[in-house]
Amino acid sequence: KPGNILVTAGGIPKILDFGIAKILEPDLVEATVMNTRTGMLLFTPEYGSPEQSRGERITTASDVYSLGVILFELLSGQRPYRFESRSPAAIERVLSEVVPPTMSSVALLRGHRNARALAGDLDTIVAMAMRKEPDRRYGSVALLLEDIQRYRAGLPVRARPDTFGYRATKFARRHAGWLAAAAFFLVLLVGFAVSMALQAKRVAHQRDLAAERAEVAGEVSRFLVDLF
């Protein structure tokens, strides 16, 4: 949760409290340091994952979920869920069944100026990190970070379907300056081609008209010769 994260002046995040951390690979350590089990759920509901509320096995997918919630709050200014009761059953119902609103819609309702910018890729990234099913989220925090970096670089994010239209749109946004220059040059080229075609048509018309006049003059001349 945000209260356990300190960001230094240099922009480096520090985790202040690991809470109920667990060993990811218990086979590599002594048997005396096995996973801790308790008779109650120890987590902050606002930033906890659905599997935590159900007391199921916790993996790094839960970390991805919590980071998704933090990102949701950072960008929209509001948490994705509201809990009417703090009972375990109510918390489990909200986290496991309630579909959260999109980040951009929350920001829009709050009157944020960046609401439009949140729609699209950022909404998709956060939604993938906060999926109810752990196996449908990002496989690791590194993959979540990679998608955020891809978004900032203007590249297609992996959370969205890789369609031609989507990739073309991202390409156009990344190279807007070059595409505008190319479009301007193309317009000039087309304009020049049209102008040359019209000029050639006018020249051909004048040539045909001159030939027609010459033919008429020849006929008049032959008529006068025959007449005299």
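Up top you'll find the structure we're talking about.
As the structure is a computational prediction, the values presented were derived from the model and not from experiment.

*Asks:* I keep staring at the overall build of the protein chain and nothing clicks. Help me out?
*Replies:* Across its full length, the protein chain holds nine helices and two strands. Its helices and strands taken in sequence order, the protein chain reads β-β-α-α-α-α-α-α-α-α-α from the N to the C terminus. Within the protein chain, the proportion of its 228 residues that are buried is 24%. Taking the intrachain contacts of the protein chain between residues at least 6 apart in sequence as the baseline, contacts between residues at least 24 apart amount to 51%.

*Asks:* Teacher, can you tell me more about helix α2 (residues 60–76) here?
*Replies:* Three- or four-residue spacings in an α-helix give side chains the same orientation, since the helix completes a turn every 3.6 residues. For α2, which comprises 17 residues, the first-to-last C-alpha distance of 24 Å matches the rise-based estimate of 24 Å (1.5 Å per residue) to within 8%. Among the residues making up α2, those that are buried are Ala61, Ser62, Val64, Tyr65, Ser66, Gly68, Val69, Ile70, Leu71, Phe72 and Ser76. Following α2 by one or two positions, glycine 77 has its phi on the positive side, about 85°.

*Asks:* So what exactly am I meant to see when it comes to a negative patch on the surface here?
*Replies:* Where like charges cluster on the molecular surface, the negative patch consists of Asp208, Glu212, Glu215 and Glu219. Counting through the fold element by element, glutamate 219 comes out in helix α9 (residues 176–227).

*Asks:* Honestly, the side chain of asparagine 4 in this entry has me stumped. Any pointers?
*Replies:* Its location among the elements puts asparagine 4 in the segment before β1 (5–7). Exposure remark for asparagine 4: the relative accessible area of 18% places this residue in the buried category. Setting aside residues no more than four positions away along its own chain, asparagine 4 makes contact with Lys14, Ile15, Leu16 and Asp17.

*Asks:* Looking at this structure, how should I read the packing of α2 against helix α7 (residues 141–152)?
*Replies:* In a packed pair of helices, the relevant descriptors are the angle between the two axes and the axis-to-axis distance. Two elements in contact, α2 and α7, have axes separated by 9 Å at closest approach and are oriented at 35°. Within the contact between the two elements, α2 uses Asp63, Val64, Leu67 and Leu71 and α7 uses Val141, Leu144 and Ile148. Class assignment of the residues belonging to the contact of α2 with α7 gives a composition of six nonpolar, no polar and one charged.

*Asks:* Sorry, what's going on with the packing of α2 against helix α6 (residues 121–129) here?
*Replies:* Viewed as axis vectors pointing N to C, α2 and α6 meet at an angle of 145°, and their least axial separation amounts to 7 Å. The two elements α2 and α6 meet at a crossing, and its hand is left-handed. Every residue of α6 that contacts α2 at Val64, Tyr65, Gly68, Leu71, Phe72 and Leu75 is listed here: Leu122, Val126 and Ala129.

*Asks:* Where do I start with the pattern of salt bridges in this structure?
*Replies:* A side chain of one charge can pair with a side chain of the opposite charge when the charged atoms of the two come close. Applying the stated criterion to the full structure yields seven salt bridges. For arginine 137, the salt bridge is made with glutamate 51, and the minimal N-O distance between the two is 2.8 Å. Taken together, the positions of arginine 137 in the loop between α6 and α7 and glutamate 51 in helix α1 (residues 50–53) put the pair 86 residues apart, joining distant regions of the chain. Arginine 137 sits in the buried class, given a relative accessible area of 4%. Residue arginine 54 pairs with glutamate 56 through a salt bridge whose shortest N-O separation is 2.8 Å.

*Asks:* Where do I start with the side chain of aspartate 123 in this structure?
*Replies:* Along the chain, aspartate 123 turns up in helix α6. Despite its burial, aspartate 123 remains without a salt bridge, the nearest opposite charge being carried by arginine 160 at 9.0 Å. At 2.5 Å, the side chain of aspartate 123 forms a polar contact with the side chain of serine 104. In this view, aspartate 123 contacts Thr102, Met103, Ser104 and Leu118; residues no more than four positions away in its chain are not counted.

Calculation rules
Residues numbered from 1 in each chain as written. Predicted model: local features only at pLDDT ≥ 70, side-chain atom pairs only at ≥ 80, totals over all residues. Heavy atoms only, no water. Helix = DSSP H or I, 4+ residues; strand = E, 2+ residues; numbered from the N terminus. Buried < 20%, exposed > 50% of the residue type's maximum accessible area, 1.4 Å probe, protein only. Contact = heavy atoms within 4.5 Å. Expected span 1.5 Å × (residues − 1). Patch = residues over 30% accessible without salt bridge, like charges linked within 9 Å, V, L, I, M, F, W, Y side chains within 5 Å. Areas by Shrake-Rupley, 256 points an atom, 1.4 Å probe, with all protein chains shown as cover. Salt bridge = Lys/Arg side-chain N within 4 Å of Asp/Glu carboxyl O. Lys, Arg positive; Asp, Glu negative; His and termini not counted. Charge placed at Lys NZ, Arg CZ, Asp CG, Glu CD. Axes fitted to C-alpha atoms, helices over the stretch in contact; angles between N-to-C directions. Nonpolar A, V, L, I, M, F, W, Y, C, P; charged D, E, K, R; others polar. Left-handed = near helix turned anticlockwise from the far one by under 90°. Polar contact = N/O pair within 3.5 Å; in protein donor to acceptor, adjacent residues only side chain to side chain.

Any link to function would need more than the numbers given here.
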